[in-house]
Structure formats: C-alpha cells, structure tokens
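What the coordinates show
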Amino acid sequence: LNGERSPFTDSSARSCFIGISQNTTAAHLLRAVLEGVCYSFKSLIEVLSISSILNGGSPLTVVGGAVKSAIWMQTLSDVLGVKVLAMRQSQDVGAKGAGIIAGYGLKWYSSLRPEDFFSSSKMEESQFSEYIPDQKAHEIHNRRYAIYKKLYDNLKETFQMLSKV
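Below is a summary of the structure that appears in this document. The model shown is predicted, which means the values in this text are computed figures rather than measured ones.

Brief notes about the overall build of the protein
Across its full length, the protein holds five helices and three strands. Counting helices and strands in the order they occur from the N terminus, the protein gives α-α-β-α-β-α-β-α. Residues counted as buried form 25% of the 165 residues belonging to the protein. When the accessible surface of the protein is split by element, carbon and sulfur atoms take 57% of a total near 11200 Å².

Okay, here's the thing in structure tokens:
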C-alpha cells in the first residue's frame, strides 16, 4: 500500500484490485491481498534466481508474524508450489539472525550453518507447521501470476500520475 520495494523499487506503486464484480465480498478482497503478497514474494524469488525453491528442491522455511496465519501459509505454499515450514515460535528470529551475521562478519564465527547455532532439539520438525501445496490451486495461481506479472508494467505510468495528484 506504500510503494514497492522488491523486486523493484518504486515509491509510486500502489495496490489495486483487478476484476472486482458485484459478487466480490470482503473475504475475496482480503484473500486478494494475501495472494498479492505471495505473488510479490514469488517474483522476488525469480529475480534472485533462487530456482531451488521453485523447483521443489527443498522446503521453504518461514518465520515472523505471517506464520500465525494458516491461510496465508497455505496460500504461499500453493502459489510457490512447494512445501512451506512455518516456525511456530519465531519471535526475535530476525534480530538473532542479524546478530549471527554480524558475528560472522567480525570473524567471531567461522560459518553461517544453522546447526552451528541451534541444537537439533531446537530444530525438530515439531517446531514447524507444515503446508503442502495443492496442485489444483497451484495451477490456478500460475495462471493468475502470469497476469500479475504484466500488471505492473501496464500500470506503472498510472501509478506515477496518481502519486502527483
């Protein structure tokens, strides 16, 4: 709602709802917001060329506030077409990770491998909620995502004009 930061930087970009009809409900709009975030995440993965995620190589581990929403995590799994592992107790994990990276940069640590920082008991599967992609939903999302990718280019000039009003 406040511009776009990745995979491109555009402070004038805005959210929009495409395809609203008289049958559209508030639930549809909320779902569209969740899907839009997942599509943005997928486009970032593509730009960063993290093909192992989208090729089903390994599950995607997710932390943070979004993991509290089972609907959001299932949508992410369906959009990406991969298993998603949502860490149940992930508060402060970003700050902990930043500290580990800083320590690595300061040569306090010799690696960034998770097993060097977390015991296996802390990394047990029971610590995660698992979301498996629904193939039918994934195929629908792939068709919608193709449209999503075209929308920014089609709306970029409009976003810039709106930001000046």
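Some details on the nonpolar core
Across soluble globular proteins, nonpolar side chains show a tendency to be buried alongside one another. Counting residues in hydrophobic clusters, the biggest one holds 15 residues, and the most contacted among them are Leu60, Val62, Met73, Leu76, Leu80 and Val84. Ranked by residues supplied to this core, first place goes to helix 3 (residues 70-80) with four residues.

Focus on unusual backbone geometry
Phi at Lys107 is positive, roughly 70°, even though this residue is not glycine. Within the secondary structure, Lys107 is located in the loop between helix 4 (93-105) and strand 3 (128-131).

Some details on helix 1 (residues 26-47)
Look at helix 1: 32 Å from first C-alpha to last across 22 residues, which is about the 32 Å you get at 1.5 Å a residue. Buried within helix 1 are the following residues: Leu34, Glu35, Cys38, Tyr39, Ser40, Lys42, Ser43 and Ile45. Positive phi appears at Ser49, one or two residues downstream of helix 1, with a value of about 55°.

Brief notes about a nonpolar patch on the surface
Taken together, the side chains of Ile101, Tyr104, Leu106, Trp108, Tyr109 and Leu112 make up a nonpolar region of the molecular surface, amounting to roughly 670 Å² of accessible area. The exposure class of Leu112 is partly exposed, given its relative accessible area of 45%.

A word on the environment of Leu48
Residue position: Leu48 is located in the loop between helix 1 and helix 2 (51-54). Since its relative accessible area comes to 52%, Leu48 is described here as exposed. Taking the C-alpha atoms as reference points, Leu48 and Pro7, separated by 41 residues in sequence, lie 8.4 Å from one another.

Comments concerning the pairing of strand 2 (residues 84-87)
Across the two faces of strand 2 the burial is the same, with Val84 and Ala86 and Leu85 and Met87 all buried. Both strand 1 (residues 60-62) and strand 2 contribute to a ladder of three bridges, which runs parallel. Of the residues in strand 2, the one forming a bridge with Leu60 is Val84. Following the backbone out of strand 1, through helix 3 and into the adjacent parallel strand 2, one traces a crossover that is right-handed. Strand direction decides the pairing type here: strand 2 and strand 3, joined by four bridges, are antiparallel. Bridged to Val84 within strand 3 is Tyr131.

A closer look at the packing of helix 1 against helix 3
In a packed pair of helices, the relevant descriptors are the angle between the two axes and the axis-to-axis distance. Between helix 1 and helix 3, the least distance of the axes is 9 Å, while the angle of their chain directions is 45°. Between helix 1 and helix 3, the angle is such that the two are oblique. Where helix 1 crosses over helix 3, the handedness of that crossing is right-handed. Every residue of helix 3 that contacts helix 1 at Arg31, Leu34, Glu35, Val37, Cys38, Tyr39, Phe41, Lys42 and Ile45 is listed here: Ile71, Trp72, Thr75, Leu76, Val79 and Leu80. Across the contact of helix 1 with helix 3, the residue classes break down as 11 nonpolar, one polar and three charged.

Basis of the calculations
Residues numbered from 1 in each chain as written. Predicted model: local features only at pLDDT ≥ 70, side-chain atom pairs only at ≥ 80, totals over all residues. Heavy atoms only, no water. Helix = DSSP H or I, 4+ residues; strand = E, 2+ residues; numbered from the N terminus. Buried < 20%, exposed > 50% of the residue type's maximum accessible area, 1.4 Å probe, protein only. Areas by Shrake-Rupley, 256 points an atom, 1.4 Å probe, with all protein chains shown as cover. Core = buried A, V, L, I, M, F, W, Y, C linked by side-chain atoms within 4.5 Å. Expected span 1.5 Å × (residues − 1). Patch = residues over 30% accessible without salt bridge, like charges linked within 9 Å, V, L, I, M, F, W, Y side chains within 5 Å. Salt bridge = Lys/Arg side-chain N within 4 Å of Asp/Glu carboxyl O. Pairing = 2+ DSSP bridges. Right-handed = clockwise from strand over helix to strand, strands pointing away. Axes fitted to C-alpha atoms, helices over the stretch in contact; angles between N-to-C directions. Parallel < 35°, antiparallel > 145°, perpendicular 65-115°, else oblique. Left-handed = near helix turned anticlockwise from the far one by under 90°. Contact = heavy atoms within 4.5 Å. Nonpolar A, V, L, I, M, F, W, Y, C, P; charged D, E, K, R; others polar.

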